[in-house]
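Chain by chain, the residues run as shown.
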Amino acid sequence: MHKNFLDFSEKAILITGAGSGIGKATALYLSSINAKLLLLDINEDALKETLSLCNDQCDYLAIDLSDSHGIKIPVQDKIKTFGPLDGMVHIAGIPYLSPLKTLNTDTVDKVLKVNTVAALELAKIFTKHKNYKTENPSIVFISSVYGLVGSAANVAYAMSKSALHGITKSLAIELAPKHIRVNCIAPGFIKTQMLDDVSGSFDNEYNNRLNQLHPLGLGEAEDIAYGITYLLSDMGKWVTGTILSVDGGFTAQ
Ligand SMILES: NC(=O)c1ccc[n+]([C@@H]2O[C@H](COP(=O)([O-])OP(=O)(O)OC[C@H]3O[C@@H](n4cnc5c(N)ncnc54)[C@H](O)[C@@H]3O)[C@@H](O)[C@H]2O)c1
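Residues numbered from 1 in each chain as written. Predicted model: local features only at pLDDT ≥ 70, side-chain atom pairs only at ≥ 80, totals over all residues. Heavy atoms only, no water.

### Focus: the sheet that holds strand β6 (residues 181-187)
In space, the 7 strands of this open sheet follow the order β3-β2-β1-β4-β5-β6-β7, with parallel pairing throughout. Each of the sheet's edge strands pairs with one partner strand only, and the pair in question is β3 (59-62) and β7 (243-246). Strand-to-strand twist across the sheet, computed as the mean angle between neighbouring axes with direction ignored, equals 15°. As judged from the 4 bridges shared by strand β2 (residues 36-41) and β3, these two strands associate in the parallel manner. Within β3, the position partnered with L40 by the bridge is L61. Each of β2 and β3 is contacted by helix α2 (residues 44-52), which is oriented at about 170° to β3, the strand it contacts most. Sheet contacts for helix α4 (residues 105-126): β1 (12-16), β2, β4 (87-90) and β5 (138-142); angle to β4, the most-contacted strand, approximately 170°. (Pairing = 2+ DSSP bridges. Helix = DSSP H or I, 4+ residues; strand = E, 2+ residues; numbered from the N terminus. Axes fitted to C-alpha atoms, helices over the stretch in contact; angles between N-to-C directions. Contact = heavy atoms within 4.5 Å.)

### Remarks on the nonpolar core
Ranked by size, the top nonpolar core spans 31 residues in total, and within it L40, V75, I139 and F141 carry the most contacts. Breaking this core down by element, the ones donating at least two residues are β1, β2, α3 (72-82), α4, β5, α5 (155-175) and β6. Considering each element in turn, this core owes the most residues, 6 residues, to α4. The next biggest cluster of nonpolar side chains, apart from the first, holds 28 residues, and it includes F8, I13, I33 and A221. (Core = buried A, V, L, I, M, F, W, Y, C linked by side-chain atoms within 4.5 Å. Buried < 20%, exposed > 50% of the residue type's maximum accessible area, 1.4 Å probe, protein only.)

### Some words on the packing of α4 against α5
The description of two helices packed together rests on the angle between their axes and the distance between the axes. Axis separation between α4 and α5 bottoms out at 8 Å; the angle between their running directions is 15°. Of the possible angle classes, the one that applies to α4 and α5 is roughly parallel. For the pair α4 and α5, the sense of crossing is right-handed. Facing V108, V111, L112, N115, T116, A119, L120 and A123 of α4, the residues of α5 in contact are A156, Y157, M159, S160, K161, A163, L164, I167 and L171. Residue composition of the contact of α4 with α5, by class: 13 nonpolar, 3 polar and 1 charged. (Parallel < 35°, antiparallel > 145°, perpendicular 65-115°, else oblique. Left-handed = near helix turned anticlockwise from the far one by under 90°. Nonpolar A, V, L, I, M, F, W, Y, C, P; charged D, E, K, R; others polar.)

### Overview of the pattern of salt bridges
Throughout the structure, instances matching the rule amount to 8 salt bridges. The residue D86 makes a salt bridge to K133 at a minimum N-O spacing of 2.8 Å. Of this pair, D86 sits in the loop between α3 and β4 while K133 sits in the loop between α4 and β5, and the two are 47 residues apart along the sequence. For D86, a relative accessible area of 6% translates into the label buried. On the accessibility criterion, K133 (29% relative accessible area) is partly exposed. One connected set of salt bridges, linked through shared partners, spans K3, K11 and D234. (Salt bridge = Lys/Arg side-chain N within 4 Å of Asp/Glu carboxyl O.)

### What to know about the side chain of S68
Here S68 lies in the loop between β3 and α3. For S68, a relative accessible area of 14% corresponds to the buried category. In contact with S68, other than residues within four places in its own chain, are K113, V117 and E121.

### Overview of α3
Along α3, the residues classified as buried are V75, Q76, K78, I79 and F82. Summarising the axial view, the buried residues of α3 lie within an arc of 165°, below the 170-degree limit, and thus occupy one face. Across from the buried face of α3, at angles greater than 90 degrees, the exposed residues are I73, K80 and T81. In the core, the buried residues of α3 are packed alongside β1, β2, β3 and α4. Taken from the residues just after α3, G83 is the one with a positive phi, measuring 110°. (Arc of directions from axis to C-beta.)

### Some points on the site of the ligand
In the neighbourhood of the ligand, 28 residues make up the surrounding shell, with S20, D41, Y157, I190 and T192 lying closest. Between L65 and the ligand, the recorded distance is 2.9 Å, taken from a backbone N or O atom to a nitrogen atom. Contact between the ligand and T192: an oxygen atom at 2.4 Å from a side-chain N or O atom of the residue. In the complex, the protein chains occlude 92% of the 830 Å² of accessible area that the ligand would expose alone. Given that more than half its atoms are within 2 Å of the pocket grid, the ligand belongs to the largest pocket. For the shell around the ligand, the class distribution of residues is 14 nonpolar, 11 polar and 3 charged. (Near = heavy atom within 4 Å. Polar contact = N/O pair within 3.5 Å; in protein donor to acceptor, adjacent residues only side chain to side chain. Areas by Shrake-Rupley, 256 points an atom, 1.4 Å probe, with all protein chains shown as cover. 1 Å grid on protein atoms, 1.4 Å probe; cavity = no way out; pocket = protein on both sides within 12 Å on 5 of 7 lines; lining within 4 Å. Sits in = over half its atoms within 2 Å of the grid points.)

The analysis is restricted to geometry; functional conclusions fall outside its scope.
Have a look at this one:
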């Protein structure tokens, strides 16, 4: 008799970006398979809305992940009351479209802090003794196809996401002796608020090309949630240091 790998009733997972898009879809899916969730986001109203749709073991923490020095204490305190974690997924992220000549250093700094430095800070907290459970602990980061391939006017976002690939591989090696797995998903374009926000800056031709860039069409937030679930689950117990493309074929071309 095989174990039911999609029964998460023994698993506690921290999810950032849980207020919207991929983070919210991931929270709702993991909640539906009985995971106990600690939901993080900067938007407290959105967090409350997600929480209201989750099972009653879930909790939330409103936090600004761009404040790198302000992450450790509130998250550590929250885990103390919430209990140790089996997994952590850093989904919160912000886009920044700008050509090189108008690139604003302060904005680049903020993009790096939310997309990349917060991933490191959270991994540091997760891997602290007593914050994680020892049976198959798993960290998942969310990058982008633009961490793998180039696109114009996207240098800051690409830098923040390709850095996650280096972090994934190095941490996978560093944490393997503790049996903590570290993986990353590089999504293609998903129909979320973020896509609505950035598609206004694309010219018509690029917007028209978006579908052609994805042989399977644009993705749904749930497509990423399912990939995350695999990497968190015991089905993925021998997978570490992987950048998993979940992109409808974008990077196959
Ligand atoms: N949507 C896409 O097409 C797409 C494609 C590739 C990668 N991604 C990546 O997937 C992740 C989620 O994207 P999405 O489309 O769901 O975006 P979204 O904008 O719908 O959700 C992002 C969430 O992050 C939260 N957030 C933003 N800044 C924060 C901060 N400083 N502190 C805490 N929380 C903060 C927001 O409040 C929001 O709830 C991002 O990392 C994004 O780069 C998205």
